[in-house]
Amino acid sequence: MAEAHSAVAFSFSITHEGWDVNFDREVLHLVWSSGFRSWKKRLWRFQNSVKNGVYPAPLQSLWATVGILVALHFAGVRLPIGLVGMLLPHLPSTAFHWQVVACFTVALSVWLAIIMVIRYTLRMLLMYKGWMYEERGRGRSISLKTKLWLLLVKSLSGVSRPMLYSFQGSLPKLPVPALDDTVHRYLRSVRPLLNDDEYHRMVKLAEEFQKGIGMKLQRYLKLKSWWASNYVSDWWEEYVYLRGRSPLMVNSNFYGIDAILMHPTKIQAARAATVIHTCLQYRRLIERQEMEPILIQGLVPLCSWQYERLFNTTRVPGVETDRIVHYADSNHIVVLHRGRYFKVLIYYKNRLLLPCELEVQMQAILENKTEPLPGEERLAALTAGERTHWANTRQEFFFKGTNRVSLDAVEKAAFVVSLDDEPFEFDQSRPELLDKFGRVLLHGKGCDRWFDKSFTLCIGSNGRIGFNSEHSWADAPVMGHLWEHVMAGDNEIGYGPDGHTIGEPEFTPPAPTRLQWDFNEKALAAIDTSFKLAQNLLSDVDLRIYVHDAYGKGFMKDCRLSPDAYIQMAMQLAYYRDAGKFSLTYEASMTRLYLEGRTETVRPCTIESAAWVKAMENKNSNTEERIALLQTACKVHHQGIQDAMCGKGIDRHLFCLYVVSKYLEVDSPFLKEVLSEPWRLSTSQTPHGQTNKMDLKKFPKCISAGGGFGPVADDGYGVSYIIAGEDLIFFHISSKRSCSTTDSSRFAKTIEKSLADIRTLFLDYKSSRQQKVKNEKKTD
């Protein structure tokens, strides 16, 4: 019980000689430092709350308003509308200082009123989404209406630098789409998937729903939208994520990969120290709100709500539903190495440890030769297994004592770091190495990632890095933002010629503390149960990371097509060739233009995309016809993304209607069928360029290879892609080995062929156009 004794700062006893007081100066110093840091953060939060509450007006404008009003009052000008004179009779006297108090009170009231008018006006302006649908570039100009809107938004956004949450009070709420519009869009989206009889049956179900229970459900949902800050996000978080009982590993968590074209150091401890320090700097930016919110086109803000739970957050298992627990502060991280857990303090003498000091701690862990305690090596498998089993095990064996203390250290850590004992490798001539890299990050050994934490940093023995992230607390773009900051941190902080961190420690940093565990036979059996399930799950994953370097977004833009739409059409063609049919396809889009927005589904499989795919497979169709159909399909897809971002999606609306129906205990055959349709092709584009720290001109290789996730359906594919440059795209393709109809390597080759065929199509089209022009010139 040494760890329990070390947690006691002082003790006393009564003897025949009097009081006997013992205290640990070091522990008391840590308590004092922690409290001091906590109060500093409270002060920061209070100051930031005041600044955010009055944004876009700077605080200095209050004193200017007070000064002007006092000067006008004593100059005999009764402004505004004699409010000062109306207030004075209610004060103890009309003495000079009471007149100043009256002026200050009126000035403050007027100042706040003006701010509220500006904020609500800005919110009304941000509800306008016409700017998204207007094409730009190549001689096109925006409408007068949008120009006036841009001018007003710019003028009301303030001249002061916004903080992370400055625009939260000005963001509009996500609107509930009209029921008829959603049903109409849904029926169009499933038309390519159904034969005539199936489609007419679905139309009949939809009509019955619209005329029946749908109207009632819609009214309840609108009522919720008036009351809640976002009518989707809380239900989405609870029912899609937290109530899920299946394992997080592979099924929910996602991963991200290092900037594989760079290898700044091969020293594991040095790379770990730099990355940890960069993450903690990022945490400080969030806590102090010094990080600016993301502005689309430098003007329209995205919701920053999800950043709050990036650090100090864990998902706690429950029997029926999990919960997300976020701690206000954490002064440590937890490091996993060779099945052992270490608590590492990240502050000393009221400051954050430097990379060179963190490297000392990491090296001490790597050199520690102690063996894992019984059950410790496979402990994290509990977070990889069934949620109900983990909840029951946690309640029975982690409720008190040594295990409770150690589990608290893990769950209250800022994040978890895994120092792996194998290298993360990349060699373009050996694609299987990158596949293994992805698998290690997606699931590892099934017991070397704490899948409940907001994220686990993974450091390979050769210094390459990656992460595994839990999904319920936020969506991938937030982790992507942090990851770009980490990539940029390597260039900013740098390493010495020997590969170690730069600088010398100013003191000996606090030594890592080994966490202790005490498991009986029953607890060991519970851990083993989860470990076996995790092994079955990870052995079924078929992951292929395909590097497409024949061409990239440069060629796609030359074709005057959206790169995302171009790639999605290629995947539609690839899936049709692979499966011999069309499938319901999921593409994630964001709704962060609205308060507390998360994601919406774009359905890339449309009537137009199906028509183009069939034309590509029809030998009798000509190049001009195929090009026209592709352009139409891309245009429809791009509009689908715009609709999703503007709150006009299909799936979140129908999902919420389904939740309302369950609360009212009424059944809807239409909603039941909609929600039961499998997403056999689930796709997502990894965003990048979210931080201005990424100077790709100076460091062109400083870009992540993206990340991926497991398949959503047992007989489907999960495809994540990142457009990494003008001529580089990474595809992360996952499926299940147990499914006889899917094969990730085969699908990667089909995507490669589809991309090549589209390029050939455009080159042939361009060549034929040039030949046609030549022929016309000869004729003339």
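These numbers come from a predicted model, not from an experiment. (Residues numbered from 1 in each chain as written. Predicted model: local features only at pLDDT ≥ 70, side-chain atom pairs only at ≥ 80, totals over all residues. Heavy atoms only, no water.)

A. Representation of the sheet that holds strand β22 (residues 728–736) in the model. The 6 strands are arranged β16-β22-β21-β19-β17-β18 in an open sheet whose pairing can be described as mixed. Among the strands making up the open sheet, the edge pair consists of β16 (541–548) and β18 (599–602). The mean inter-strand angle of the sheet, taken between neighbouring strand axes irrespective of direction, is 25 degrees. Examined bridge by bridge, β16 and β22 share 8 bridges and lie antiparallel to one another. For D542, the partnering residue across the bridge sits in β22 and is S735. (Pairing = 2+ DSSP bridges. Helix = DSSP H or I, 4+ residues; strand = E, 2+ residues; numbered from the N terminus. Axes fitted to C-alpha atoms, helices over the stretch in contact; angles between N-to-C directions.)

B. Molecular detail of helix α16 (residues 431–442). Given a rise of 1.5 Å per residue, 12 residues ought to cover 16 Å, and the 17 Å separating the end C-alpha atoms of α16 matches this to within 8%. Extensive coverage of α16 is indicated by the burial of 9 of its 12 residues. Those residues of α16 not exposed but buried are L433, L434, D435, F437, G438, R439, V440, L441 and L442. On its buried face, α16 is in contact with β3 (254–257), β13 (455–459), β14 (465–469), α18 (521–539), β16 and β22. Once α16 finishes, G444 follows within two positions and takes phi at roughly 55 degrees, a positive value. (Expected span 1.5 Å × (residues − 1). Buried < 20%, exposed > 50% of the residue type's maximum accessible area, 1.4 Å probe, protein only. Contact = heavy atoms within 4.5 Å.)

C. Expanded view of empty space enclosed by the protein. Here the structure, examined in full by the defined rule, presents 7 cavities of 30 Å³ or more. Considering the residues around the largest cavity, the lining is formed by 18 residues, among which L174, V232, T591, T599 and R652 are closest to the centre. Listed by contribution, the elements that provide at least two residues to the lining of the largest cavity are α10 (233–242), β18 and α23 (651–663). Across the lining of the largest cavity, the residue classes break down as 6 nonpolar, 8 polar and 4 charged. (1 Å grid on protein atoms, 1.4 Å probe; cavity = no way out; pocket = protein on both sides within 12 Å on 5 of 7 lines; lining within 4 Å. Points joined across faces, edges and corners; volume = space filled by probe spheres on them. Nonpolar A, V, L, I, M, F, W, Y, C, P; charged D, E, K, R; others polar.)

D. Summary view of the domain arrangement of the protein chain. As assigned here, the protein chain comprises domain 1 (1–52), domain 2 (56–132 + 142–157), domain 3 (244–542) and domain 4 (549–646 + 678–687 + 699–779). On a C-alpha basis, the centres of domain 2 and domain 4 stand 51 Å from each other. (Domains from an automatic or database assignment.)

E. Main features of the packing of helix α11 (residues 268–287) against helix α17 (residues 476–493). Between α11 and α17, the shortest axis-to-axis distance is 9 Å and the interhelical angle comes to 120 degrees. On the basis of the axis angle, α11 is oblique to α17. For the pair α11 and α17, the crossing hand works out as right-handed. Each of R271, T274, V275, H277, T278, C279, Q281, Y282 and L285 in α11 lies in contact with α17, whose residues at this interface are H481, L482, H485, V486, G489, D490 and I493. Here the residues of the contact of α11 with α17 are counted per class, giving 7 nonpolar, 7 polar and 2 charged. (Parallel < 35°, antiparallel > 145°, perpendicular 65-115°, else oblique. Left-handed = near helix turned anticlockwise from the far one by under 90°.)

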